[in-house]
Amino acid sequence: MKLRKFSGAFAKDTNLYLWIIAVSVLIMGLYDYRLGLAGILVLLYLVIHNMRTATRNKEELRHYIENLSESVDIATKNAILNIPFPLVIVDEEGFINWYNMTFSNLFQGEYILDKRLSSYLNGVDLGRVLKNGIEEFKYISIKDRYYDVYCNLINLKESSTERNIIIMYLIDKTDYIEIKNRYHDERTIIALLQIDNYEEVLKDIDELAKPAVIAEIDRRIKAWSSSNNSSIQKYSNGEYILHFTHRQLTEMEEKRFDILDSIREISSGNRIPITISIGVGVNGKTIAELQKFSHSAMDIALGRGGDQAVVKNNDKLSFYGGKTKAVEKRTRVKARVIAYALKQLIEQSDNVIILGHEMPDLDCLGSALGIYRCCRNLNKDANIVLNKVNAAIANLWNVLEEDEEYKNAFVGSQEAIQNCTRNTLLVVVDVHRPGFTECKQLLEKTEKIVVIDHHRRGTEFIDNAVITYIEPYASSTSELVTEILQYMFEKSKIKQIEAEALLAGIFIDTKNFSFQTGVRTFEAASFLRRVGADTTLTRQLFQDDMETFLTRADVVKSATMFKGNIAISTIPHHAKYPALVAAQAADELLNIKGINASFVLSQVNGDVFISGRSLGDINVQIVLEKLGGGGHLTVAGAQLPGISIEESINKVKAAIEEYLREGEK
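Model, not experiment: these values are computed from the prediction. (Residues numbered from 1 in each chain as written. Predicted model: local features only at pLDDT ≥ 70, side-chain atom pairs only at ≥ 80, totals over all residues. Heavy atoms only, no water.)

## A few points about the overall build of the chain
Okay, step 1: Each helix and strand counted, the chain has 23 helices and 23 strands in total.
Okay, step 2: Over its C-alpha atoms the chain spans a radius of gyration of 41 Å, topping by over 25% the 26 Å that the globule rule assigns to 665 residues.
Okay, step 3: Across the 665 residues in the chain, those meeting the buried criterion constitute 47%.
Okay, step 4: Within the chain, contacts between residues at least 6 apart in sequence are counted, and of these 63% link residues at least 24 apart.
Okay, step 5: When the accessible surface of the chain is split by element, carbon and sulfur atoms take 53% of a total near 34500 Å².
Okay, step 6: On the chain, the mean spot of the 78 positive side-chain charges and the mean spot of the 87 negative ones are 4 Å from each other. (Helix = DSSP H or I, 4+ residues; strand = E, 2+ residues; numbered from the N terminus. Rg over C-alpha atoms; globule rule 2.2 N^0.38 Å. Buried < 20%, exposed > 50% of the residue type's maximum accessible area, 1.4 Å probe, protein only. Contact = heavy atoms within 4.5 Å. Areas by Shrake-Rupley, 256 points an atom, 1.4 Å probe, with all protein chains shown as cover. Lys, Arg positive; Asp, Glu negative; His and termini not counted. Charge placed at Lys NZ, Arg CZ, Asp CG, Glu CD.)

## Here's the deal with a nonpolar patch on the surface
Okay, step 1: A contiguous nonpolar surface patch, about 550 Å² in accessible area, is contributed by Tyr33, Leu37, Ile40, Leu41 and Leu44.
Okay, step 2: Within the secondary structure, leucine 37 is located in helix H3 (residues 33-81). (Patch = residues over 30% accessible without salt bridge, like charges linked within 9 Å, V, L, I, M, F, W, Y side chains within 5 Å. Salt bridge = Lys/Arg side-chain N within 4 Å of Asp/Glu carboxyl O.)

## Comments concerning the sheet that holds strand S12 (residues 351-355)
Okay, step 1: Strand order in this open sheet of six strands is S14-S13-S12-S15-S16-S17, and the pairing throughout is parallel. If you trace the sheet from one side to the other, it starts and ends with strand S14 (410-411) and strand S17 (467-470), each paired once.
Okay, step 2: By the bridge criterion, five bridges tie S12 to strand S15 (residues 424-429) in an arrangement that is parallel. Across the sheet, residue leucine 355 finds its bridge partner in S15, namely valine 428. (Pairing = 2+ DSSP bridges.)

## Looking at the environment of isoleucine 371
Okay, step 1: For isoleucine 371, the location among the structural elements is in helix H13 (residues 362-377).
Okay, step 2: Linking isoleucine 371 and leucine 342, residues 29 residues apart in sequence, is a C-alpha distance of 9.8 Å.
Okay, step 3: Those residues in contact with isoleucine 371 that sit more than four places away from it in its chain are Leu342, Ile354, Val427, Val429, Ile452 and Val481.

## Overview of the pairing of strand S16 (residues 448-453)
Okay, step 1: In terms of burial, S16 is largely enclosed, as six of its six residues are buried.
Okay, step 2: Of the pairings in the sheet, the one linking S15 to S16 comprises five bridges and is parallel in character. Its bridge partner lying in S16, valine 427 is registered against valine 450.
Okay, step 3: When S16 meets S17, the two strands line up parallel, connected through four bridges. The residue bridging valine 450 from the neighbouring strand is isoleucine 467, located in S17.

## Some remarks on helix H14 (residues 394-401)
A turn of α-helix holds 3.6 residues, and therefore any two residues three or four places apart point the same way.
Okay, step 1: Where H14 is concerned, the buried positions are Leu396, Trp397 and Leu400. Summarising the axial view, the buried residues of H14 lie within an arc of 100°, below the 170-degree limit, and thus occupy one face. (Arc of directions from axis to C-beta.)

## Re the nonpolar core
Okay, step 1: If you look at the biggest cluster of nonpolar residues, it comprises 57 residues, and the most contacted ones within it are Leu342, Phe410 and Ile452.
Okay, step 2: Among all residues touching leucine 342, those that are not within four sequence positions of it are Ile371, Leu425, Val427, Val450, Ile452, Ile467, Ile484 and Met488.
Okay, step 3: Counting 30 residues, the second largest nonpolar core, distinct from the first, contains Val201, Ile217, Ile259 and Leu260. (Core = buried A, V, L, I, M, F, W, Y, C linked by side-chain atoms within 4.5 Å.)

Here's what the structure looks like:
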């Protein structure tokens, strides 16, 4: 080996040595020409020998390279032919030019040469490969197995022609997919189940019937749990905790938590329908986080009125059920506690800002005035955020403008932001969705936030509130605020216009005490009447001009029927108060025999507003939640930005059809 290295090194410098010999021969010839001639002969021999050796070495090298290339080609062909994973070659048009035996075995040896690749591999985009040169496609399904397909674009130049071929090889990922799916299916799920009206049901039945009702509830819940292979533990009266896997959750969702209907059908001496709520936590990183998710889901289910299941998958929420009317179950104790806590917060704050929703109605403004009165009675500065007066509150606003006390009570968003400090109390009324508030930026300016609302809780929520008082069983936010006023002060001091505004809020949301009206609603109205509210003057806050009345009549007249009992209508472009008329027309349509639900659409500044109303058989809240809206079972709304009326009608119809399909499952 050392000799070869020495010879190789010597051969590289042969020309240099020949030049040295030539110079030496020349020098010898100067001294003795005979020695010079002898040296020339020797030099000529060496040159000729060197030329022959170089020629022979080049020829040997050429043969060696040719033999090596042939060996590599043979090895490459053998490797491709015997490669342990499927390989296929296609042309630019997607026709199969060649494939190995492993690829052929995927299709039971079927002859597929010159056939289209797309007939055998779905999901491989040759256009992307031709564009990018190298491409990878994940989890391509072939006869119940899954493969990652790796593609490489090869350019072939043959004499004067040039063409591209694509080499694809497939890596079997079936075991990985099966393990992944098994892991997904067997993940632990924690769910909480609670009877919404446990105490109310038991109070309403005979003592002898109570054991039968309780036993029937337990039997049905445990039978449902057993049918889903889940474990269940009752930890309190009417409260259960369940553990099961994701596979069981999928089956429950496919059946849309049929336990909701099963419990509601119990009739063992109870006069009140029994309802349950279920909160399910999914995809928590730890058991503690799963339990936190399930508690959060339960809070949302109860906040939406109960009788439903809520699945919380991180930030994603899914709702099932909730199609029945919520039964009033809030207690005076809770209202008293909320009133006391709110009083403490007001007294400990520098100032109070009251925030309602965009395009406020009488319930929003009435409840805001009620909170304003609480603050003023406690000698605390307060402001109500109002950016624009709309037709719904115009009559009330005109009365307020005549009173000097309210000259500085209302502020715009910018002024409210300037007045807001870390020790400012922000009271949000008649709304719990940040995006629907009159000024969303205020929610980030202070840490002291109170939310008072009666709408069913949606997916978007003010989750950093110090106090959250959401009661979907209440008729209106004005009713809740009226109770707070009663419990906050022994002798309530409230101005007549404020009492009338609160009463108007109750009127507007109950449709003159015909919807969502409970005993507490009448008690709140009675209190407002005692402190000076005039029902005649309150009624005047709803008066419309002749143009609005005629427009509303035209909207009712032009309504079309959908699915036999649902009315859909639109507001003309020339209408003076489109959003207000839409809400009023939706109410009016329910007075027509045969109409169980109504949807009226209006367009304001490029956005479409939808007012939905129902007699209770159809849950308009669930329908409009599919379009990003919300509300109650009988009263709901939604806003669709940058869309035409025609497109909006199609979306409403699609949402109704989806809702009806879900009800059939």
